[in-house]
Amino acid sequence: IQVDTPINPGNSGGPVVNMNGEVVGINSQIYTRSGGSMGLSFAIPIDVATQVTEQLRTSGKVTRGRIGVTIQELTRELAESFGLSKPVGALISSVEKNGPADKAGIEASDVILKFDGKPVNSSSDLPRMVAATKPGSKVAVELWRKGGSRQITVEIAEMPEDGKLARAAKKLADDVGEAILRLGIAVSELSKEQLQELQISGGLLVEEVKGPAARAAGLQHGDVLLAIGNIPIRSLNQFNEILKQVAKGRNVALLVRRGEAAIYVAIRLDEK
């Protein structure tokens, strides 16, 4: 229930005030069936607007922090596969080479639990926290890796205008589902030329998607499997040996690369 009442709700730039007359946001859009002012309005939170105003006053431009990672939501299945008791935090699916996170030692498959002392309850929390941090600041990060938590320090960089990596990761997330009942795929080892072209040290190429669940999830011919959990895939034999150790009905996290983006998919094995 929204108790805040917008002033001039049809005005996309009008303020939003609470019952005490305090400005809590600025209207940016409105959804209306009539074309008038009656409808559902969307507002920019006042703390965000205040940060933008202060930056414009002091430097004449707006800057945003970045650490150079691609993240995804941590589902219950993925949390189980990484040894977490509940799905909290932001799961790192890829790390920009030589970016701030890479230099700090953050790795794909890490789960960021706290940023600058503040809990990261979901993946949507982290971008807001990072963006609000001044570039050049050094921030303590608590993350989960290989069954335990650890503390690292990352230096925040400035957000560039180019968001190609984030858009590519979102497209892959839209294409690939969160859960697969069984693998249902045929894979092969990558050639030296393919490894060199992709600039990776190992992985398996998806040759054919046989299982209906895998097809429904969006796995495609040409996808590259990079890791199971935090274990990099080096060969087909190693891949098969890892799968043999996973009990029936358990979830494993599979890191899938398509183009320049990579994302984890939770797979529940249902071997006969």
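Remember, predicted model here, so these are calculated numbers, not experimental data.

A. Quick peek at the overall build of the chain. A count of helices and strands for the chain gives eight helices and 19 strands. Classification of the 272 residues of the chain by burial places 39% in the buried group. In the chain, the share of contacts with a sequence separation of at least 24, taken over all contacts with a separation of at least 6, comes to 49%. Counting every atom, the chain has about 15,600 Å² of accessible surface; 51% of that belongs to carbon and sulfur.

B. Summary view of the nonpolar core. Core analysis: the largest hydrophobic core is formed by 21 residues, its most contacted members being Leu 74, Leu 78, Leu 91, Val 111 and Tyr 264. Going through the elements one at a time, α2 (76-81), β8 (111-115), β16 (224-228), β18 (251-258) and β19 (261-268) are the ones with two or more residues in this core. Residues Val 187, Leu 204, Leu 219 and Leu 243 belong to the second largest nonpolar core, which totals 18 residues.

C. View of the packing of aromatic side chains. Enumeration over the complete set of coordinates arrives at one aromatic pair. Both rings, one in Phe 82 and one in Tyr 264, keep their centres 5.5 Å apart while their planes meet at 85 degrees; by these two values the pair is edge-to-face. Residue Phe 82 is located in the loop between α2 and β7 (90-95), and its partner Tyr 264 is located in strand β19; the two are separated by 182 residues in the primary sequence. Each member of the pair Phe 82 and Tyr 264 is classed as buried.

D. Structural view of the pairing of strand β14 (residues 185-189). Most of β14 sits out of view: four of its five residues are buried. Here β14 runs beside strand β15 (residues 204-209); their pairing, made up of five bridges, is antiparallel. Residue pairing for β15: Ser 188 is matched across the bridge by Leu 205.

E. The pattern of salt bridges, seen in detail. One pass over the full model with this rule turns up six salt bridges. Close ionic contact of Lys 118 with Asp 116 constitutes a salt bridge, the shortest N to O distance being 3.8 Å. Judged by relative accessible area, which is 42%, Asp 116 ranks as partly exposed. Sharing partners across several salt bridges, the network here consists of Glu 107, Asp 110 and Arg 145.

F. Focus on the pairing of β18. Among the eight residues in β18, eight count as buried, and that is most of the element. Side-chain alternation along β18 places Asn 251, Ala 253, Leu 255 and Arg 257 on one buried face and Val 252, Leu 254, Val 256 and Arg 258 on a second face that is also buried. As defined by bridge partners, β16 adjoins β18 across four bridges and the pair is classed as antiparallel. Bridge pairing links Leu 225 to Val 256 in β18.

G. Representation of unusual backbone geometry in the model. At Ser 109, a residue that is not glycine, the phi angle is positive and equals roughly 90 degrees. Relative to the assigned elements, Ser 109 resides in the loop between α3 (100-104) and β8. Residue Ser 109 is classed as buried on the basis of its relative accessible area of 5%. Even without being a glycine, Asp 116 presents a positive backbone phi close to 55 degrees. Within the secondary structure, Asp 116 sits in the loop between β8 and β9 (118-119).

H. View of the environment of Gly 249. Topologically, Gly 249 is positioned in the loop between α8 (236-244) and β18. Sequence-wise, Gly 249 and Ile 267 are 18 residues apart; in three dimensions their C-alpha atoms are separated by 9.4 Å.

I. Main features of α8. Phe 239, Ile 242 and Leu 243 are the residues of α8 that are buried. End-on, the buried residues of α8 take up no more than an arc of 100 degrees, which puts them together on one face. When the buried face of α8 is taken as reference, the exposed residues oriented beyond 90 degrees from it are Asn 237 and Lys 244. Tucked into the core, α8 has its buried residues touching β14, β15, β16, β17 (231-232) and β18. The backbone nitrogen of Gln 238 lies 3.1 Å from a side-chain oxygen of the residue at the head of α8, namely Ser 235.

J. Local environment of the confidence of the model for the chain. Of the residues in the chain, 68% reach a pLDDT of 70 or more, and the chain-wide mean stands at 76. Taken element by element, the predicted model of the chain shows its lowest mean pLDDT in strand β13 (residues 179-180) (32) and its highest in β8 (96). Confidence drops under pLDDT 50 across residues 1-11; counting only partners more than four residues distant or on other chains, this segment forms 23 contacts.

Reading the values: the criteria
- Residues numbered from 1 in each chain as written.
- Predicted model: local features only at pLDDT ≥ 70, side-chain atom pairs only at ≥ 80, totals over all residues.
- Heavy atoms only, no water.
- Helix = DSSP H or I, 4+ residues; strand = E, 2+ residues; numbered from the N terminus.
- Buried < 20%, exposed > 50% of the residue type's maximum accessible area, 1.4 Å probe, protein only.
- Contact = heavy atoms within 4.5 Å.
- Areas by Shrake-Rupley, 256 points an atom, 1.4 Å probe, with all protein chains shown as cover.
- Core = buried A, V, L, I, M, F, W, Y, C linked by side-chain atoms within 4.5 Å.
- Phe/Tyr/Trp six-rings, centres within 6.5 Å; stacked < 30°, edge-to-face > 60°.
- Pairing = 2+ DSSP bridges.
- Salt bridge = Lys/Arg side-chain N within 4 Å of Asp/Glu carboxyl O.
- Arc of directions from axis to C-beta.
- Polar contact = N/O pair within 3.5 Å; in protein donor to acceptor, adjacent residues only side chain to side chain.
- pLDDT = per-residue confidence, 0-100.

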